[in-house]
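These are the residues of each chain, in order.
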Amino acid sequence: MATGDYIGLVHSDDFLYSSHTISDIVKQLEATHADFLYGDGLFVNPENTDKVVRKWIGGTYRLWKVRHGWLPLHPTCYIKRSAIERKGLYNESYKIAADSDLLFRYLLGGELSVTYLHEYIVRMRMGGLSTDSARRKQMWKEDIRMYQSHGMNATITKIEKMLWKVPQFVKARFM
């Protein structure tokens, strides 16, 4: 239903980091003409959004990183409508891993031009399906199924995905 040239994947209870976030995104897209933009994000306490739980610093996109479980934080992603039309929409058979599947599918092939905006784009509240500890088992199963569908060694890739997150918690706690 979105009508813009680019579509952002921001959740309904998340919010943009600053009043200039959209203008910064537009400047980056105008400068690069990229199909796909992502940036950094903060996971915050749902009741106190000033309390940072985890800092997601995306870093430069590299295809090898995607092949080893790395993905950008989906609420920081802005994707050209024409790329979405080519690559397809969410696979709704996934209840938790639909966003990971979409991003993995978009980035694994390497045919989209990707740009990284090295600044915070979003504050994402903890407590959604993908951050709910009670749903870890379901998330594990869906991630395994998703990685298998892309021909990956699913268990290894899932473990690698988890390892990418360790520095984020450390940075939020100590830096």
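The rules behind the values
Residues numbered from 1 in each chain as written. Predicted model: local features only at pLDDT ≥ 70, side-chain atom pairs only at ≥ 80, totals over all residues. Heavy atoms only, no water. Helix = DSSP H or I, 4+ residues; strand = E, 2+ residues; numbered from the N terminus. Buried < 20%, exposed > 50% of the residue type's maximum accessible area, 1.4 Å probe, protein only. Phe/Tyr/Trp six-rings, centres within 6.5 Å; stacked < 30°, edge-to-face > 60°. Lys NZ or Arg CZ within 6 Å of the ring centre and 35° of its normal. Axes fitted to C-alpha atoms, helices over the stretch in contact; angles between N-to-C directions. Parallel < 35°, antiparallel > 145°, perpendicular 65-115°, else oblique. Left-handed = near helix turned anticlockwise from the far one by under 90°. Contact = heavy atoms within 4.5 Å. Nonpolar A, V, L, I, M, F, W, Y, C, P; charged D, E, K, R; others polar.

**Comments concerning unusual backbone geometry**
Logical step 1: The residue His33 is not glycine, and still its phi comes out positive at about 55°.
Logical step 2: By secondary structure assignment, the location of His33 is in the loop between α1 (21-32) and β3 (36-44).
Logical step 3: Given a relative accessible area of 58%, His33 falls into the exposed group.

**Notes on the packing of aromatic side chains**
Geometrically, a pair of aromatic rings is defined through the distance of the ring centres and the angle of the planes.
Logical step 1: Taken as a whole and judged by the stated rule, the model has four aromatic pairs.
Logical step 2: Look at Tyr38 and Trp70: their rings are 5.6 Å apart centre to centre, the planes differ by 70°, and that puts the pair in the edge-to-face class. Taken together, the residues span a long stretch of sequence, with Tyr38 in strand β3 and Trp70 in the loop between α2 (63-67) and β5 (78-80) at a distance of 32 residues.
Logical step 3: Residue classification places Tyr38 among the buried positions, given a relative accessible area of 0%.
Logical step 4: The interplanar angle of 80° and the centroid separation of 5.2 Å between the aromatic rings of Phe104 and Tyr147 together place this pair among those described as edge-to-face. With Phe104 in helix α4 (residues 98-108) and Tyr147 in helix α5 (residues 136-149), this residue pair connects regions lying 43 residues apart in the sequence. There is no split in this pair, since Phe104 and Tyr147 are both buried.
Logical step 5: Taken together, Tyr38, Trp70 and Tyr116 form an aromatic cluster joined through their ring pairs.
Logical step 6: Above the face of the Phe43 ring, Arg54 is positioned so that its terminal group lies 4.2 Å from the ring centre.

**Observations concerning the packing of α4 against α5**
Axis angle and axis distance: for two packed helices, these are the angle between their axes and the distance between the axes, and together they describe the pair.
Logical step 1: α5 packs onto α4 with a crossing angle of 20° between their chain directions and a minimal axis gap of 10 Å. Looking at the two axes, α4 sits roughly parallel to α5. In this structure, the crossing between α4 and α5 has a hand that is right-handed. Touching Ser100, Asp101 and Phe104 of α4 are Asp143, Met146, Tyr147 and Ser149, all from α5.
Logical step 2: Residue classes in the contact of α4 with α5 are distributed as three nonpolar, two polar and two charged.

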